[in-house]
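Residues per chain, in single letters:
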Amino acid sequence: MTQPTEPNTAAGAGAGAGAGADELDLELAPGRPAILRVGAPVATDALPHWVEERKAALDAALLCHGAVLIRGLGVGDAQALGRLSERFLGAAMPEAQAFARRRPLGGPVLSSLEWPADQPMCMHHELSYALEFPRLLAVGCFSPPAEGGVTGLADAQAVLAALPEAIVERFTATGWSLERSYNDLVGVPWSEALGTADRAAAEEYCRAAGIDFGWRPDGGLSTSQRRSAVIRHPLTGEEVWFNQIAFLNEWTMEPAVREFLVAQFGADGLPFNSRHGDGSPIDAGTVETINRVYEAHTLREPWQVGDVLLVDNIRMAHSREPFTGRREVGMVLGAPVRLADCHPTHQPAPTHQPAPAS
C-alpha cells in the first residue's frame, strides 16, 4: 500500500454525534478508533444484557465515530461473539457472492476471509457489490497474530471529501462495475459463490441480483455487475464512498501475481477486476490515488485477545494488514440494508430477491 501523504484524521470528524454517545466515556486519540475500555470480563450468558443496557449509547457512538473497539469484555470465542451480536446487530446476514472463503465458526459467526497472510486486504465495505448489504459488523479477536494483522478503518465520508474531484465526478456519473471470471485456480467456484451447482438456478440468481452473465466455452461463468460508487447513509443521509473499486482491482495485486494471472487467463479473464460503470478500464494511477487517500485516513489499533470491534459498514471501510503467527478473528454481518434505500445513482431492477447463497 502507498504511504500517507496527509495526516491521519479521527473517524467521525465533522459528523454529528447522536444523543447518548458521551455516556460511554470513549477513549479518543488521533490515528486510532474510538475505544471503550471495560473494567472486567463479562460472562457469555450475560453479554446480551450488557449490550442491552448500553445499546442506545453504542448506536449513538457508531453514528458519531463510525466504529467502536470494546476492550476488556473477554469475548474470546465464536459463542460469545454470537451472543453479543444477537442483541446488538439484530438480524444476521449470510455471506453472498463470496470471492474468497470464510469458515463457519458457529451460529452467525464467520471467519475472516481466507486471504494470504503476507498479502494485505485493501480497504473495502462488506458486500458493497450486492443489492443488500450489512449496515453493522461485529468483529471479535479470539487469537491475535504475533505481528501485524491490524484491521484498519477509514471514514468513507472523509475519504469522499479528500478524493480528487475528477475521480469522484466520473464514478458518480458512471458508477463502478465488478467483473468476475470464475475458475478452478483462484477464489471460489461459481457454484459456491452463488449457492447452487445448477446452471439454470445460477442464471436466475444472477438475474434477480442484477448481475449480467455469460458462459464461457470451457463451462466457466463470467459476470458483471454495475453499482453506485457513492451512496447516502440510510440513517444520517450523508454521502459516502462505498465500493470495492481499489480492492478488487488488477492494479492492487502484487505485480508478479497480476502477471501470472494475465498469463493464465488473459487481461479480460482475471478472476476479479473493477472497471468504470461504463465498462472502461480503471488506470493504475486512479487506483493508487484512491489507496493513498485511504491510507491517509486509516485508523489503527493492534488486536488484543477478547477485543470486539463494532463497525458501521456503510460509514467505515476496513482492511486487513499482513501478519505473522496465528490470527483467529470472527465476524458477524448484521442489520441488512437495501441499496435501494441508500439513494443509489446506479441500480438494476431485479425480478425478485435472490435466495441467500450458501
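As shown above, the structure is provided for reference.
Conventions adopted
Residues numbered from 1 in each chain as written. Predicted model: local features only at pLDDT ≥ 70, side-chain atom pairs only at ≥ 80, totals over all residues. Heavy atoms only, no water. Helix = DSSP H or I, 4+ residues; strand = E, 2+ residues; numbered from the N terminus. Buried < 20%, exposed > 50% of the residue type's maximum accessible area, 1.4 Å probe, protein only. Pairing = 2+ DSSP bridges. Phe/Tyr/Trp six-rings, centres within 6.5 Å; stacked < 30°, edge-to-face > 60°. Lys NZ or Arg CZ within 6 Å of the ring centre and 35° of its normal. Expected span 1.5 Å × (residues − 1). Polar contact = N/O pair within 3.5 Å; in protein donor to acceptor, adjacent residues only side chain to side chain. Contact = heavy atoms within 4.5 Å. Axes fitted to C-alpha atoms, helices over the stretch in contact; angles between N-to-C directions. Parallel < 35°, antiparallel > 145°, perpendicular 65-115°, else oblique. Left-handed = near helix turned anticlockwise from the far one by under 90°. Nonpolar A, V, L, I, M, F, W, Y, C, P; charged D, E, K, R; others polar.

1. Here we look at unusual backbone geometry
So, point 1. Of note, the phi angle at D25 is positive, near 55 degrees, even though the residue is not glycine.
So, point 2. Here D25 lies in the segment before strand 1 (34–37).
So, point 3. D25 sits in the exposed class, given a relative accessible area of 67%.
So, point 4. Backbone geometry places H343, a non-glycine residue, at a positive phi of 50 degrees.
So, point 5. Secondary-structure assignment places H343 in the segment after strand 20 (328–338).

2. Here we look at the sheet that holds strand 16 (residues 298–299)
So, point 1. Strands sit in the order 6-18-9-16 across an open sheet of four strands; the sheet is antiparallel. For this open sheet the edge positions go to strand 6 (121–124) and strand 16, each flanked by a neighbour on one side alone.

3. Some remarks on the packing of aromatic side chains
So, point 1. In this structure the tally under the stated criterion is eight aromatic pairs.
So, point 2. Between W190 and W215, the ring centres sit 5.0 Å apart and the planes meet at 75 degrees, which makes this aromatic pair edge-to-face. Taken together, the residues W190 in helix 5 (residues 190–194) and W215 in strand 11 (residues 212–215) connect sequence positions 25 residues apart.
So, point 3. By relative accessible area, which is 14% here, W190 ends up buried.
So, point 4. Joined through ring pairs, the aromatic side chains of F99, W115, Y129, F247 and F272 make up one cluster.
So, point 5. A cation over a ring is seen here: R199 above W215, with NZ or CZ 4.0 Å from the ring centre.
So, point 6. Lying across the ring of F323, R327 places its NZ or CZ 5.8 Å from the centre.

4. Some remarks on helix 8 (residues 284–296)
So, point 1. The terminal C-alpha atoms of helix 8 lie 18 Å apart, and with 13 residues this matches the ideal 18 Å at 1.5 Å per residue to within 8%.
So, point 2. Restricting attention to buried positions, one finds in helix 8 the residues T286, V287, T289, I290, N291, V293, Y294, E295 and A296.
So, point 3. The N-capping residue of helix 8, defined by a side-chain oxygen 3.0 Å from the backbone nitrogen of G285, is D283.

5. Digging into the environment of A34
So, point 1. Inspection of the secondary structure assignment puts A34 in strand 1.
So, point 2. When residues no more than four places from it in sequence are discounted, the contact partners of A34 are L26, E27, L28, H65, A67, V68 and L69.

6. Re the packing of helix 1 (residues 47–65) against helix 2 (residues 78–88)
So, point 1. Between helix 1 and helix 2, the shortest axis-to-axis distance is 9 Å and the interhelical angle comes to 55 degrees. Classified by the interaxial angle, the pair formed by helix 1 and helix 2 is oblique. In the packing of helix 1 onto helix 2, the handedness of the crossing is right-handed. Residues L47, P48, V51, E52, K55, L58, D59 and L62 of helix 1 form the contact with helix 2, whose participating residues are A80, R83, L84, E86, R87 and F88.
So, point 2. Of the residues that constitute the contact of helix 1 with helix 2, the class distribution is eight nonpolar, no polar and six charged.

Keep in mind these values describe shape, not function.
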